[in-house]
Amino acid sequence: MSDSDTLTKTGLVALTGVNKHFGELHVLKDINLSIDQGEVVVVIGPSGSGKSTLCRAINRLETIDSGNILLDGQPLPSEGKALAKLRADVGMVFQSFNLFAHKTILQNVTLGPLKVRKTDPKQAEQRAMELLERVGVANQASKYPAQLSGGQQQRVAIARALAMDPKVILFDEPTSALDPEMIQEVLEVMIDLAKQGMTMVVVTHEMGFARTAANRVVFMADGEIVEEATPETFFTNPTSRRAQDFLGKILKH
Amino acid sequence: MFSVLTDNWPLFRDGFWLTIRLFLVSGVLSLVFGTALGAFRVSPVPALRGFGTGYVNILRNTPLTLVFAFLFFGAAKMDLALPNPFWTAVGALTIYTSAFICEVVRSGVNTIAPGQAEAARAVGMSFVQVLTIVVLPQAFRAIIPPLMSVLIALLKNTTIAAGFSVVEAGSIPAAMSERGENQLVTLFWITIGFLILIVPLIFLQRWAERRTAVA
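Since this is a predicted model, take the numbers as computed values, not measurements.

Peer 1: Please give an account of the overall build of chain A that cites residues and values.
Peer 2: Regarding its fold elements, chain A presents ten helices and ten strands. For chain A, the C-alpha radius of gyration of 18 Å lies close to 18 Å, the compact-globule estimate for 253 residues. With respect to the principal axes defined by its C-alpha atoms, chain A has extents near 50 × 50 × 40 Å. Considering only contacts within chain A whose residues lie at least 6 apart along the sequence, 66% involve residues at least 24 apart. Surface exposure of chain A reaches about 11,600 Å², of which carbon and sulfur atoms provide 48%. Charge centroids of chain A, computed over 27 positive and 30 negative side chains, lie 5 Å from each other.

Written out as C-alpha cells, the structure is:
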C-alpha cells in the first residue's frame, strides 16, 4: 500500500487513542473513530457515556488528555489563530441553540462569514438569505432569537453553521431541548443535509433519525465506543450486552 | 451665602474645571485599562490571567492615598522623572480605578451564558473577536449600574489629589480658609458643585440602560 493510499484511508475526521478525564472521571477511554467525507455518523448511548464530550472534542471545545484528532489529515492546533481557522471549517450545532442573543437572525448567519471569512457584506447577506430560505425561516430574518420558537432557532443555528461552508458539522443533541412538535422540523432539515452529502457527526437520542439518515451508528457507554455498525445491523442485531440493554430500555415504549 | 461663591468665583471655577479634567482623563484611561485587565482575567492564557488577578488583588486593596504617595514621593525617591502633578494624579487615579473597572467588566462577562462564547468560538472567531463582538456587547447591559458607581467614586476620589499639590476642587477649602471665608458655606458650595457634576452621570446611566434594554 502506497503512502497516498494510507492517506486516503484516514477519514476526514480521525480520532486515535483519545483519552480525557474530568477530574477522577475517565470520560473518554481510548477512543478510535474515523469519519469519511460525506458520511453521517450517529453517536448514541446512555447519558454520561461521553458522547457529547466526544463531539465537542472534535473542534476542541473540550481539550483532550492524550491521543490524536486529525481533521482532513491535519492535527488539531492547540490554541490561537490556527485553532480558530480550523473551527471555521467545522460547523457546530448545540443543544441549547446558542444563537447570538443581541443579533438579528440574519446577523447571526452573516456574522461568521463577515468577521472570520471577511466575505463581502452583500454576498454574505445574499447567501444567508438563501440558507434561511432553505431551513424555512427566511421570513424571520429581522427578528431576534428570543422571538423565535426553539425549532426555528435551531434551524437558524444550522443555517449559521452552513454559512461557513464547513467540511463537517457536529450536532450535539440538537433536538434534546425542543418541544416534541418541533423535533420533526429540525430533523427534516438534517435529513435533507445528509442527503446532499454533508459530513455529519450527530449525537442524538432520535433513533428514527439514526435509522433514516445514518451511514453508521456508534454506540458509547462509560466513555468507550462499545459498538459500531450500520443502523440496520445495530438496531436489529446489537452484539454487545450494553447495547442490547440500552435499546431494550428505549425501544420498549 | 452667595457672596462666598461669587467673591471667590475664579477659585471655584478653576478648582472644579481641574476636577472635571482629572475625572474625564482618568475615567477614559481607566475604562480602557480596566477593560483590558478584565479581558486578561477571562483570557485562555494563564500568565495573563495571573497578572490580572495579581493586579486587582494588590491595587484594589491599597488605599488610594498610598497609591498617590507612591507615585508622588516614591517615584521621586527612585530618581524617576515625574510628569507634572496633573498627569501624576491621573496616573494614580487610573492605576487604582482600573482594578475596580476590571472586576465590573469581569462580573458582566460572567452574566453571559458560556454557550454564547462557545458558539462564537465554534464559527472560528478569535478570543478578541469573541469578547468584543459577542460577549462584551451583551455584558454591557449588566455592567452599566456598577460601572456608574465606580465612575462616581472616581469623581469623588479626585479630591485626594488636593493633598498632593494639585489644585482641584478638593483644595478649595484650604484656600478659602486662608482667605478667612466661612468653612461651612464653602463646603456647602463644594457639595453642590459635586452634585452638579454627578447629575450628567446619572442621566448617562439612564440613557444607556434604556438603550440596551431588552426588547
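The structure having been displayed, the exposition proceeds.
Peer 1: Tell me about the packing of aromatic side chains, and name the residues and values.
Peer 2: In this description, an aromatic ring pair is defined by two values, namely the gap between the centres and the angle between the planes. Applying the stated criterion across every chain, the model contains 14 aromatic pairs over all chains. Plain terms: the ring middles of F16(B) and F194(B) are 5.4 Å apart, the flat faces sit at 65 degrees to each other, and that makes the pair edge-to-face. With a gap of 178 residues between them, F16(B) in helix α2 (residues 9–42) and F194(B) in helix α9 (residues 183–211) connect regions that are remote in the sequence. With respect to class, F16(B) is no different from F194(B); both count as buried. With centroids separated by 5.2 Å and ring planes inclined at 25 degrees, the aromatic side chains of F68(B) and F164(B) adopt a geometry described as stacked. Note that F68(B) is positioned in helix α4 (residues 64–77) and F164(B) in the loop between α7 (127–157) and α8 (172–178), a separation of 96 residues in sequence. Of the two residues, F68(B) and F164(B), both sit in the buried class. Site record: aromatic cluster; members linked through ring pairs are F219(A), F234(A), F235(A) and F246(A). If you follow R211(A) out to its NZ or CZ, it ends over the ring of F235(A), 4.6 Å from the centre. Here the basic side chain of R206(B) rests over the ring of F203(B), its NZ or CZ set 5.9 Å away from the ring centre.

Peer 1: Tell me what's going on with the interface of chain B and chain A, and back it up with residues and numbers.
Peer 2: Facing the 16 residues of chain B at the interface are 23 residues of chain A. Where chain B abuts chain A, roughly 1,600 Å² becomes buried across the two surfaces, and 61% of that area is made up of carbon and sulfur atoms. Counting the contacts that link chain B with chain A gives one salt bridge. Between R56(A) and E118(B) there is a salt bridge; the shortest N-O distance is 2.6 Å.

Peer 1: Quick rundown of the confidence of the model for chain A? Include the residues and the values.
Peer 2: Here chain A shows a mean pLDDT of 91. Residues at 70 or above account for 95%. pLDDT under 50 marks residues 1–8 of chain A. Its contacts with residues more than four places away, or in other chains, come to two contacts.

Peer 1: Go over the packing of α2(B) against α7(B) with me, naming the residues and quoting the values.
Peer 2: All names here are of chain B. Between α2 and α7, the least distance of the axes is 10 Å, while the angle of their chain directions is 140 degrees. When the axis of α2 is compared with that of α7, the two are oblique. Here α2 runs over α7; the crossing is right-handed. For the pair α2 and α7, the contacting residues are T19, F23, S26, G27, L31, T35, A39 and V42 in the first and F127, L131, L136, L147, L151, L154 and L155 in the second. Residues that form the contact of α2 with α7 fall into these classes: eleven nonpolar, four polar and no charged.

Peer 1: Hey, could you go over the pattern of salt bridges for me, with residue numbers and the actual values?
Peer 2: Scanning the entire structure with this criterion turns up 17 salt bridges over all chains. Linking D165(A) and R127(A) is a salt bridge whose minimum nitrogen-to-oxygen distance equals 2.7 Å. Placement of the pair is D165(A) in the loop between α6 (150–162) and β7 (168–172) and R127(A) in helix α5 (residues 121–134), with a sequence separation of 38 residues. Accessibility expressed as a relative area gives 29% for R127(A), which makes it partly exposed. Members of the salt-bridge network, linked through shared partners, are K20(A), R56(A), E62(A) and E118(B).

Peer 1: Tell me about empty space enclosed by the protein, and name the residues and values.
Peer 2: Scanning the entire structure with this criterion turns up one cavity of 30 Å³ or more. Size it by volume and the largest cavity reaches roughly 70 Å³. Together, A88(A), V90(A), G91(A), M92(A), F94(A), R160(A), A161(A), M164(A), P166(A), A119(B), A122(B) and V123(B) line the largest cavity. Contributing elements (two or more residues each) for the lining of the largest cavity: β6 (90–93) and α6 of chain A together with α6 (114–122) of chain B. A class-by-class count of the residues in the lining of the largest cavity yields ten nonpolar, one polar and one charged.

Peer 1: Got a sec to walk through helix α4 (residues 105–115) of chain A? Specific residues and values, please.
Peer 2: Across the eleven residues that make up α4(A), a large majority, eight, are buried. Buried residues of α4(A): I105(A), L106(A), N108(A), V109(A), T110(A), L111(A), G112(A) and P113(A), and no others. Contact partners of the buried residues in α4(A): α5 and α6 of chain A together with α7 of chain B.

Peer 1: Requested: an account of the pairing of strand β9 (residues 216–221) of chain A, with residues and values cited.
Peer 2: Residues and elements named next belong to chain A. Burial within β9 is extensive, with six of its six residues counted as buried. Residues of β9 alternate between two faces, with R216, V218 and M220 on one and V217, F219 and A221 on the opposite face, all of them buried. As judged from the four bridges shared by strand β3 (residues 40–44) and β9, these two strands associate in the parallel manner. Within β9, the position partnered with I44 by the bridge is F219. Looking at chain direction, β9 and strand β10 (residues 224–229) are connected through five bridges and run antiparallel.

Peer 1: Break down the sheet that holds β3(A) for me, citing the residues and quoting the values.
Peer 2: Residues and elements named next belong to chain A. Read across the open sheet, the six strands follow the order β6-β7-β8-β3-β9-β10; overall the sheet is mixed. Since the sheet does not close on itself, it has two edges, and those belong to β6 and β10, each with one partner. On average, adjacent strands in this sheet sit at an angle of 20 degrees to one another, irrespective of strand direction. As defined by bridge partners, β3 adjoins strand β8 (residues 200–203) across four bridges and the pair is classed as parallel. The residue bridging V40 from the neighbouring strand is M200, located in β8. Sitting on the sheet, helix α10 (residues 241–251) touches β3, β9 and β10, and the angle it makes with β9 is about 100 degrees.

Thresholds applied
Within each chain, residue numbers correspond to sequence positions counted from 1 in written order. Written order decides the labels, with chains lettered from A and ligands numbered from 1. Where local features are concerned, this predicted model is filtered to residues with pLDDT of at least 70; where side-chain atom pairs are given and counted, the filter is 80 or more; whole-chain, interface and lining totals use all residues. For side-chain calculations, the full set of non-hydrogen atoms in the structure is used, while hydrogens and water are omitted. Each helix is a run of H or I in the DSSP string that is no shorter than four residues. Each strand is a run of E no shorter than two, and both are numbered from the N terminus. Atoms considered for the radius of gyration are the C-alpha atoms alone. The globule rule reads 2.2 Å times the number of residues to the power 0.38. Two residues qualify as a contact provided that any one of their heavy atoms is within 4.5 Å of a heavy atom in the partner residue. Values of accessible area rely on a 1.4 Å probe in the Shrake-Rupley scheme; residue burial ignores everything except the protein chains shown. Positive charges come from Lys and Arg, negative ones from Asp and Glu, while His and the chain ends are left out of the count. In this description, the location of a charge corresponds to atom NZ of lysine, CZ of arginine, CG of aspartate or CD of glutamate. To pair, rings of Phe, Tyr and Trp, with the six-membered ring standing in for Trp, must have centres within 6.5 Å; the planes then decide the type, stacked if under 30 degrees apart, edge-to-face if over 60, and tilted in the middle. Throughout, exposure labels follow a simple rule: accessible area from a 1.4 Å probe, protein chains only, divided by the maximum for the residue type, with under 20% read as buried, over 50% as exposed, and the rest as partly exposed. Ring-over charges, as used throughout, are those where CZ of Arg or NZ of Lys falls within 6 Å of the ring centre and within 35 degrees of the ring normal. Buried area is a sum: the accessible area each of two parts loses on coming together, probed at 1.4 Å, counted once for each and added. We define a salt bridge as a contact between a side-chain nitrogen of Lys or Arg and a carboxyl oxygen of Asp or Glu at a distance within 4 Å. Residue-level confidence of the predictor, termed pLDDT, takes values from 0 up to 100. In this description, a line fitted to the C-alpha atoms serves as the axis of each element, helices being fitted only across the stretch in contact, and the angle between N-to-C directions of two axes falls anywhere from 0 to 180 degrees. Roughly parallel here means an angle under 35 degrees, roughly antiparallel means over 145, roughly perpendicular means 65 to 115, and every remaining angle is called oblique. We call a crossing left-handed when the near helix sits turned anticlockwise from the far one by less than a right angle, and right-handed when that turn is clockwise. Nonpolar residues are Ala, Val, Leu, Ile, Met, Phe, Trp, Tyr, Cys and Pro. Charged residues are Asp, Glu, Lys and Arg, and all others, Gly as well, are polar. We place a 1 Å grid over just the protein atoms. Points where a 1.4 Å probe fits but has no way out form a cavity, open points with protein on both sides within 12 Å along at least 5 of 7 lines form a pocket, and any residue with an atom within 4 Å of a point lines it. Grid points are joined across faces, edges and corners, and a volume is the space filled by probe spheres set on the points. One bridge is not enough; two strands pair if DSSP finds at least two bridges between them.

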